[in-house]
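Tertiary structure, described
The primary structure of each chain is shown beneath.
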Amino acid sequence: MTKKFALVFLVVVALALSSCSGGQGDPANAPGLASGDPRIAELYRAALQEGQVTLYSHVTATEEISAFVDAFKKEFPGIEVQVTNKIGSAILTTFLSEKRAGKDVADVIQYPGLEPFQNEFRTEGLVQEYTPSTAAKYPAEASVPGIAYPWLAYTTGAAYNSDKITPRELELLRTYQGWADPSWKGRIDAGSPGSASLQHAVFYWTQVDQQLGRRWFEGFAANRPVAFVSPTPAVERVIAGEFVASYPSLSAVAARAMDNGAPIGWATQEYAVTVPGLVGLASRAPHPNAAKLMVEFTLSDAGQRAMVDAVKADSLRTDLNLSPVQGNQRFDQPKRRVYVQSDVFAKQGRAAVDLWNQFIGPGRN
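Because the structure is predicted, anything quoted here is derived from the model rather than measured.

Observations concerning the side chain of Gln-269
- In this structure, Gln-269 sits in the loop between strand 9 (264-267) and strand 10 (272-282).
- A distance of 2.6 Å separates a polar atom in the side chain of Gln-269 from the backbone oxygen of Leu-173.
- Here the side chain of Gln-269 touches Ala-267 through a polar contact of 3.0 Å, landing on its backbone oxygen.
- Setting aside anything within four residues of it in sequence, one finds Gln-269 in contact with Thr-156, Gly-157, Ala-158, Leu-173, Arg-174, Thr-175, Tyr-176, Trp-179 and Lys-335.

Shown next as structure tokens:
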């Protein structure tokens with residue numbers, strides 16, 4: 001080796017060591033998680049060698065998932081994130097088709113609902129076991145222990161125009177029986193159960209809750225709610241003043257509108273049907289350490305705050321008092337959360353959609 005070549009070699013090595021030990025991707029200089037937890041610091045070191053992570057997400061709004069990813073990258077500089085985001089059913093189809101074809105693309109999968117994690121993801125070996133450090137801080141009924149945990153929650157209830165509703169009408173919105181009151185006829189709209197979240201809610205109300213059931217649903221349908229393809233356009237019409245209220249709806253949709261100063265409020269009832277959006281590790285993840293790091297961040301204090309700020313969904317962390325809307329009296333907090341049992345929903349869930357289509361959707365008279 002010539003002296004000139006040796007000198008160049010030593011400079012390159014020195015620069016490489018500097019970048020690993022004192023530069024942008026140094027666990028010792030990381031701003032949060034890695035600096036305070038040796039396990040996370042070790043993951044971060046290993047993830048830096050991989051350099052990237054691929055996330056499949058059910059959050060369709062690119063600006064929302066991008067804001068969350070930016071928070072991860074700020075916490076862990078030097079890890080690039082590739083994102084594929086689609087509606088729940090589409091991201092499920094993509095993930096399943098790739099894995100069943102032997103293509104290992106995704107590192108981390110986010111999906112709204114327990115069903116696939118409890119069933120085909122686990123039985124077909126499409127996800128791997130992993131228990132994050134914050135696992136005990138999430139409700140077991142909203143998790144698949146050792147497999148997947150709720151990184152966010154979609155909460156059902158009623159949105160209303162705060163400039164147009166009366167105190168009596170607001171009290172009606174705060175009870176499920178009040179949704180069937182005839183005074184709403186021609187004055188409400190609804191988000192259709194095309195999404196997993198609203199499917200679960202309609203199923204619970206009509207098939208599980210013995211105090212409601214089909215008779216209650218027929219009373220609600222008699223008010224002729226105008227059904228939109230999703231909660232978002234339904235709430236937009238309420239904001240515009242075309243309707244007084246929208247139900248069923250999702251708190252995240254109302255929270256985003258309130259954050260933008262819209263005249264919108266959110267009412268919760270005796271209980272709130274809640275659909276957790278779970279996060280898990282894909283089996284044979286191409287970047288296994290970066291994938292674990294992403295899951296750890298997602299379920300950490302910092303990750304949950306980033307999720308609430310970016311997505312405006314609810315956090316199910318039992319030790320944090322996080323809300324997508326702080327200090328606003330028009331935004332009700334859930335009195336009690338209920339979750340749909342995935343095995344029951346898998347067998348009977350279609351009945352709720354059929355009932356909706358018969359009385360409210362395309363099949364109504």
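Thoughts on the packing of helix 4 (residues 62-75) against helix 15 (residues 301-311)
- Two elements in contact, helix 4 and helix 15, have axes whose closest approach is 8 Å; the angle formed by their N-to-C orientations is 155°. In this view, helix 4 runs roughly antiparallel relative to helix 15, as classed from their interaxial angle. The handedness of the crossing between helix 4 and helix 15 is right-handed. Within the contact between the two elements, helix 4 uses Glu-64, Ala-67, Phe-68, Ala-71 and Glu-75 and helix 15 uses Ala-302, Gly-303, Ala-306, Met-307, Ala-310 and Val-311.
- When the residues that make up the contact of helix 4 with helix 15 are grouped by side-chain class, the tally is eight nonpolar, one polar and two charged.

Observations regarding the packing of aromatic side chains
- For the structure shown, the criterion picks out 26 aromatic pairs.
- Ring geometry for Phe-76 versus Phe-297: centroids 6.4 Å apart, planes at 85°, classification edge-to-face. Taken together, the positions of Phe-76 in the loop between helix 4 and strand 2 (80-85) and Phe-297 in helix 14 (residues 288-299) put the pair 221 residues apart, joining distant regions of the chain.
- Looking at Phe-76, the relative accessible area reads 0%, which means it is buried.
- Exposure remark for Phe-297: the relative accessible area of 1% places this residue in the buried category.
- Between Tyr-176 and Trp-179, the ring centres sit 5.2 Å apart and the planes meet at 75°, which makes this aromatic pair edge-to-face.

What counts, and where the lines are drawn
- Residues numbered from 1 in each chain as written.
- Predicted model: local features only at pLDDT ≥ 70, side-chain atom pairs only at ≥ 80, totals over all residues.
- Heavy atoms only, no water.
- Helix = DSSP H or I, 4+ residues; strand = E, 2+ residues; numbered from the N terminus.
- Polar contact = N/O pair within 3.5 Å; in protein donor to acceptor, adjacent residues only side chain to side chain.
- Contact = heavy atoms within 4.5 Å.
- Axes fitted to C-alpha atoms, helices over the stretch in contact; angles between N-to-C directions.
- Parallel < 35°, antiparallel > 145°, perpendicular 65-115°, else oblique.
- Left-handed = near helix turned anticlockwise from the far one by under 90°.
- Nonpolar A, V, L, I, M, F, W, Y, C, P; charged D, E, K, R; others polar.
- Phe/Tyr/Trp six-rings, centres within 6.5 Å; stacked < 30°, edge-to-face > 60°.
- Buried < 20%, exposed > 50% of the residue type's maximum accessible area, 1.4 Å probe, protein only.

In short, geometric facts, not functional conclusions.
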